[in-house]
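Per-entry structural report
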Amino acid sequence: MDQHKNKRFTDSEIEIKELYSKSTSTDNSLPGQYPFTRGVQPTMYRGRLWTMRQYAGFSTAEESNKRYHYLLNQGVSGLSVAFDLPTQIGYDSDHPMADGEVGKVGVAINSLEDMERLFQGINLQTVSTSMTINATGFILLAFYVALAKKQGADLSQLNGTIQNDILKEYAARGTYIYPPKASMRIITDIFEWCGREVPKWNTISISGYHIREAGSSAVQEVAFTLSNGKAYVKAALEKGMDINVFGKRLSFFFNSHNNLFEEVAKFRAARRMWAKMMKELGATDEKAMMLRFHTQTGGSTLTAQQPLNNISRVTIQTLAAVLGGTQSLHTNGYDEALSLPTEEAARIALRTQQIVAFESGAADTVDPLAGSYFVESLTDEVEQKSWELIKQIDEMGGSVQAIEQGFLQDEIARSAYAYQQAIENQDKIIVGVNKFHIEEKQDTPVLKIDASIQQQQIEKLNSLKQRRDTNKVIACLNQLESAAGTTQNLMPLVVEAVENNCTLGEIADRLRKVFGEYRA
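These notes cover the structure that comes with them. (Residues numbered from 1 in each chain as written. Predicted model: local features only at pLDDT ≥ 70, side-chain atom pairs only at ≥ 80, totals over all residues. Heavy atoms only, no water.)

This part is about the packing of aromatic side chains. For the coordinates displayed, the defined rule picks out 19 aromatic pairs. Between F252 and F254, the aromatic rings sit 6.2 Å apart at their centres with planes inclined by 10°, giving stacked as the arrangement. Exposure remark for F254: the relative accessible area of 1% places this residue in the buried category. Here K279 stacks its cationic end above the ring of Y34, 4.3 Å away from the centre of that ring. (Phe/Tyr/Trp six-rings, centres within 6.5 Å; stacked < 30°, edge-to-face > 60°. Buried < 20%, exposed > 50% of the residue type's maximum accessible area, 1.4 Å probe, protein only. Lys NZ or Arg CZ within 6 Å of the ring centre and 35° of its normal.)

Here it is in structure tokens:
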């Protein structure tokens, strides 16, 4: 680390010059025009602010529903659902593997009835909903669509996103169920079905967020995310789908860290790179080349020490996302290194967005940092280093093969280790952690999830199973299992299954029988 003594570097090891007096950038494009470096809309936030979409979900559907109504009353413009771990990996709340995890890191959703409780009093046709769900994303989407139908919604107007990005699960996060080939088949089934049935739905949110949370650098976040995106596009093309149609429904999900200028450069570079990549893959409609993205402030940057300092960190990260041109944003609660956010912490997090939107002036002009010698140079360097990594992945055969060979995992681990070493050596200062300590009493209020939640969920499941038509359930599950062995699109059968009260775990298990389970 001696090289760092007299030089400055970003977290991606890009050297920062002492002074920038010129830029070599030749990108003179305008906002809303290819390659969208300066934003995907000509007027950006002067036309419409980003969607303030606070991520929430815990305990039971009823408790989460109360939080959603609270957030809507506080001024959020979109909902974002967090699911508990059993839901994420395809287990109902009564499964032995769910024991001790029900309702802990998100809401437990086992059935269409749970989904009805989750959105009680909320009109799905008038709210935009994002669901952070991957391996079981197709089942949660089916629950959502089935509920919208019960509400009498026009499905062509249904608006939202499922994360549905399984490749980053293999590389960084771990909530996968099926092997890559089967998972990619389900994802392309979703692309195809949504194009017909829910055309405004974003069928995937290709996620760099969790790659960054696992320890990647900003450059790796861009390279690995776009490379995964390329793999999804190729899979859809192989299925005969039109890139100019499904390309418009692809969205992205990025992290926002503390290095303000590198983060802004990252967002600008990612837009430019994706536009070029989609053009090379055959897109001719510019709307299919636009990188539209949601941002969440960096969970891994939050500290349990002096937690109120996290409000300042989240503010910097909010500015980075806004100056970088995000389409929607979630800001973390200051207490999230300790627990799920309390109502007060969630309100302060939302107010942070609102202050940036209405008081800072950051939303008054498009791409405010454009023309900065530093930002333009950094945008070019992030792009160059990201292309170098993508080239390595392409030479391995693409993201799926690179993940199977452990390349992405090893690169992320190497970066995470180097970052931690820099903190331990005090080459990188984290305020309140490795410098500026204080003696503190931990009296921050924390949100606690009652252990009785699991039993409540099990009782709901038992009640549902006693009331439903068992013959219809068995018929739906048998039909789904048979179709899984063919090339038939599974989504219509999954929607029919949930409408007949099949549970999430039952559907996931039938597909486990056909596809098997992935083991790292």
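Turning our eyes to something else, we now look at unusual backbone geometry. Cis geometry is adopted by the peptide bond preceding P35, which originates at Y34 and carries an omega value of 5°. In this fold, P35 is placed in the loop between strand 2 (15–16) and strand 3 (51–56). Of note, the phi angle at M44 is positive, near 45°, even though the residue is not glycine. For M44, the location among the structural elements is in the loop between strand 2 and strand 3. We note that N164 has phi near 60°; this positive angle belongs to a residue other than glycine. Looking at the element boundaries, N164 is found in the loop between strand 6 (160–162) and helix 5 (167–173). Overall, the relative accessible area of 2% leaves N164 in the buried class. (Helix = DSSP H or I, 4+ residues; strand = E, 2+ residues; numbered from the N terminus.)

Time to look at helix 6 (residues 180–197). For helix 6, spanning 18 residues, the distance from its first C-alpha to its last is 25 Å, which sits close to the expected 26 Å at 1.5 Å a residue. Along helix 6, 13 of the 18 residues are buried, which leaves the element largely enclosed by surrounding structure. (Expected span 1.5 Å × (residues − 1).)

For the rest of this paragraph, the subject is the environment of L140. If you trace the backbone, L140 turns up in helix 4 (residues 137–151). For L140, a relative accessible area of 0% corresponds to the buried category. In this structure, the C-alpha to C-alpha distance between L140 and S300, residues 160 residues apart in sequence, is 27 Å. Contact partners of L140, with chain neighbours within four places excluded, come to F83, T87, I109, M115, M131, I133 and L504. (Contact = heavy atoms within 4.5 Å.)

With that settled, consider the side chain of S207. Mapped onto the elements, S207 comes out in strand 7 (residues 204–207). In this structure S207 comes out as buried when scored by relative accessible area, which is 0%. A polar atom in the side chain of S207 sits 3.3 Å from the backbone nitrogen of Y209. Among the polar contacts listed, one links the side chain of S207 to the side chain of H210, at a separation of 3.1 Å. The residues touching S207, leaving out its near neighbours within four places in the chain, are Q163, D165, K168, T225 and F253. (Polar contact = N/O pair within 3.5 Å; in protein donor to acceptor, adjacent residues only side chain to side chain.)

One broad trend across soluble globular proteins is that nonpolar side chains are buried collectively. Ranked by internal contacts, the top residues of the largest apolar core, which has 142 residues, are F119, M131, F138 and I507. Here the element with the most residues in this core is helix 4; it accounts for 11 residues. Leaving out residues up to four positions away in the same chain, M131 has contacts with V81, F83, M115, L140, L141, Y144, T161, I162, Q163 and W201. (Core = buried A, V, L, I, M, F, W, Y, C linked by side-chain atoms within 4.5 Å.)

Along strand 9 (residues 293–297), five of the five residues are buried, which leaves the element largely enclosed by surrounding structure. Side chains of strand 9 alternate between two faces, with F293, T295 and T297 and H294 and Q296 buried alike. In this sheet, strand 9 lies alongside strand 8 (residues 250–256) in parallel orientation, the contact comprising five bridges. Opposite S256, over in strand 9, you have T297 as the bridge partner. Chirality of the crossover, the property in question, places the unit of strand 8, helix 10 (residues 260–280) and strand 9 among those that are right-handed. Across three bridges, the pairing between strand 9 and strand 10 (residues 328–330) is parallel. Looking at strand 10, one finds that Q296 is bridged to H330. Considered for its hand, the β-α-β crossover made up of strand 9, helix 11 (residues 309–323) and strand 10 is right-handed. (Pairing = 2+ DSSP bridges. Right-handed = clockwise from strand over helix to strand, strands pointing away.)

All right, on to the sheet that holds strand 5 (residues 129–132) then. Across the sheet, eight strands lie side by side as 6-5-4-3-10-9-8-7; this open sheet has parallel pairing. At either margin of the open sheet sits one strand with a lone partner, and together these are strand 6 and strand 7. The mean inter-strand angle of the sheet, taken between neighbouring strand axes irrespective of direction, is 25°. Direction of pairing for strand 5 relative to strand 6: parallel, over a ladder of three bridges. Considered in strand 6, the bridge of M131 is made with I162. Contacts from helix 1 (residues 61–74) reach strand 3 and strand 4 (78–82), with the element oriented near 150° to strand 4. With respect to the sheet, helix 11 is in contact with strand 8, strand 9 and strand 10, its orientation differing from that of strand 9 by roughly 165°. (Axes fitted to C-alpha atoms, helices over the stretch in contact; angles between N-to-C directions.)

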